[in-house]
Amino acid sequence: MPPTLSSLVHHSALKLTVRAGEDRLDVPVRWAHASELTDPVPYMEGGELLLITALKLDAENPEAMRRYVRRLAGAGVVGLGFAVGVNYEDIPEALVDAAAEEDLPLLEVPRRTPFLAISKAVSAAIAADQYRAVTAGFAAQRELTKQALTDGPEGLLAGLASQVDGWAALYDASGAVVATAPEWAGRRAARLTADVERLRERPAPASSVVGGPENEDRVELHTLGTGRRPKAALAVGTAAALGTAERYAVHSAIALLTLTTERSRSLQAAEQRVGAAVLRMLLAGQPDHARAVAGGLYGGLLDAPFRVIVAESASVSAARVVDSGTRVPVNKATAAVLVAASEANGDPLGALTEIVESAAARAGEAVLVVPEGEGETARLVVLAADGGAAVSACAEYAAALEAARVGDVPEQPVGADEDELVVGLSAPAGPIAAASAYKQAQQALSVARRRGRVFVEHEQLAAGSVLPLLADDAVKAFADGLLRALHEHDATGRGDLVASLRAWLSRHGQWDAAAADLGVHRHTLRYRMRRVEEILGRSLDDADVRMELWLALKATSPEEMG
């Protein structure tokens, strides 16, 4: 503990006597300072024991002493030491009464006790207290290191909570609570998620102090990680401000948690190379070799059904055709948080990586994340457990971006030249079918890009219609070219060949039914179909020709594509 007036009074070598303020001797003393100024307040910081001989004071003037003492007390001076036998043989009653009125401790300093002795005693006590704090801090660091090595982050949090006599919580990159100690602190930690999100928006490293929920406690928040974007956050809740020893413990915990959550760049690069090698082997149809290379790095991921996710950035300024495909429901508040995090990050693929890895870590799932390419060609390939938290988090994040894009999330404008995420998700597959799953994810990604969607699942393509795929500009160009001669013929008023062709194809070549739909004789319809063959130079007996013509009619029909 720091020195107090009581400890100075009980110091046998100082021989101090209490003349006023006996009930306030337990106040800590920050320093002992001697001053004979009539107004030393401008030079005080608060917490000092002021030592005087009253050389320039009218110490016997009651009104002057009341003003003097009142001003000292207002400045935070914790005590007044008066040296007797120098200018006054005893402490004047006016000063004693003024100190008593303000309840300011007044200590009588005997002539044989120099002020320097008091200053040395205070300095020695402060140094001893700091030494104890540093020693306790090193002991806490050793203990926390031991717990981190044996029990991981959970053990470290438990040790930290014990060191600060409070509670501690660890948040992941998305702001979700990962672990708390003690367990009862989980609800308190969860209520601080918004504060953690705001802290993550500031440049790292960052920290803040917030009042606990309903003023339950004082909470310090600290970001963890060495990069521009924090990897995690630590919350420490206590009943009062941290002391020196507790501060050492918190700083040690920050360093240790940073080491556990922020792997070295060389280790990250090594793991990415292993992941890329495992992915190449899976795509080459060598699951046994992939398992051998991966070892236990990805747990049971390579032994159970998984999904392949392929993601890349796409320019928002590109033309969009928004379809009515199935979208994942998303809470608007959640969407706003996720989109804000992505915008703050400025890296949609990096944001998706954080979200997928955080979700997998919370659920105890293994996930394989492989970045491919750089710059405009950058993409992300993810292998995640089918039905797991990582796939769900990816879908929810994409749905949040989709909601922001169409204006369902307030205060989330879409910039004209920003890059946004485009994601394709495969159907469930086993290791032996990894190449097929990868191809499915690429196909879904291509469809998402053409449709102006953020997220498309391959299973949606199989369950839906092929007609939306005809909205592609290349398909329309092909259709216009194929049917141009027929449209030019009809424009001269010499017959309605396009409508006749559509009716005949829709009736599967049944002359009577198609002619009835058109309101013409079947011989007239036969003549028109011969003209179609002559103009196009193709035979309608060819099934491929009929298919191409039918798709061309669909692609150029606003009613069909609308």
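Before reading further, recall that the structure is shown in the block above.
The written sequence of each chain sets the order in which its residues are numbered from 1. Local features in a predicted model are, by the rule used here, given only for residues with pLDDT of at least 70; side-chain atom pairs are given and counted only at 80 or more, and totals for whole chains, interfaces and linings are based on all residues. Excluded from the side-chain calculations are hydrogens and water; all other atoms, namely the structure's heavy atoms, are used.

**Things to note about the environment of valine 532**
To qualify as a helix, a DSSP run of H or I must reach at least 4 residues; to qualify as a strand, a run of E must reach at least 2; elements of each kind are numbered from the N terminus. Position of valine 532 relative to the elements: it lies in helix H18 (residues 522–536). Remark: the alpha-carbon pair of valine 532 and leucine 501, spanning 31 residues in sequence, is separated by 7.8 Å. Here, residues are in contact when the closest pair of their heavy atoms is within 4.5 Å. If sequence neighbours within four positions are ignored, valine 532 has contacts with Leu486, Leu497, Leu501 and Gly537.

**Considering the pattern of salt bridges**
By convention in these notes, a salt bridge is any Lys or Arg side-chain nitrogen within 4 Å of a carboxyl oxygen on Asp or Glu. Within this structure, the stated rule accounts for 23 salt bridges. Of the charged contacts, one joins arginine 30 and glutamate 45 as a salt bridge, the two residues approaching to 3.5 Å between their closest N and O atoms. Of this pair, arginine 30 sits in the loop between strand S1 (17–20) and strand S2 (31–34) while glutamate 45 sits in the loop between S2 and strand S3 (48–52), and the two are 15 residues apart along the sequence. Note on classification: 1.4 Å probe, protein chains only; a residue is buried when its accessible area is under 20% of the maximum for its type, exposed when over 50%, partly exposed between these limits. Accessibility expressed as a relative area gives 65% for glutamate 45, which makes it exposed. Several salt bridges share partner residues, and in doing so they unite Arg19, Asp90 and Glu108 into one network.

**Structural notes on the sheet that holds strand S7 (residues 177–181)**
Pairs of strands are assigned from DSSP output, requiring at least two bridges between the strands. Strand order across the open sheet formed by five strands is S7-S6-S10-S9-S8, with antiparallel pairing between neighbours. The sheet is open, and its two edges are formed by S7 and strand S8 (207–211), each paired on a single side. Sheet twist, expressed as the average angle between the axes of neighbouring strands with direction ignored, equals 20°. Two strands pair when backbone bridges link them, and strand S6 (residues 167–171) and strand S10 (residues 232–238) are joined in this way by five bridges, in the antiparallel orientation. Each residue of the ladder has a partner; that of leucine 170, found in S10, is leucine 234. Contacts from helix H4 (residues 115–164) reach S6, S7 and S10, with the element oriented near 150° to S6. The convention used is that axes are lines fitted to C-alpha atoms, helices contributing only their stretch in contact, and that angles between N-to-C directions extend from 0 to 180 degrees.

All quantities given are derived from atomic positions and should not be read as evidence of function.
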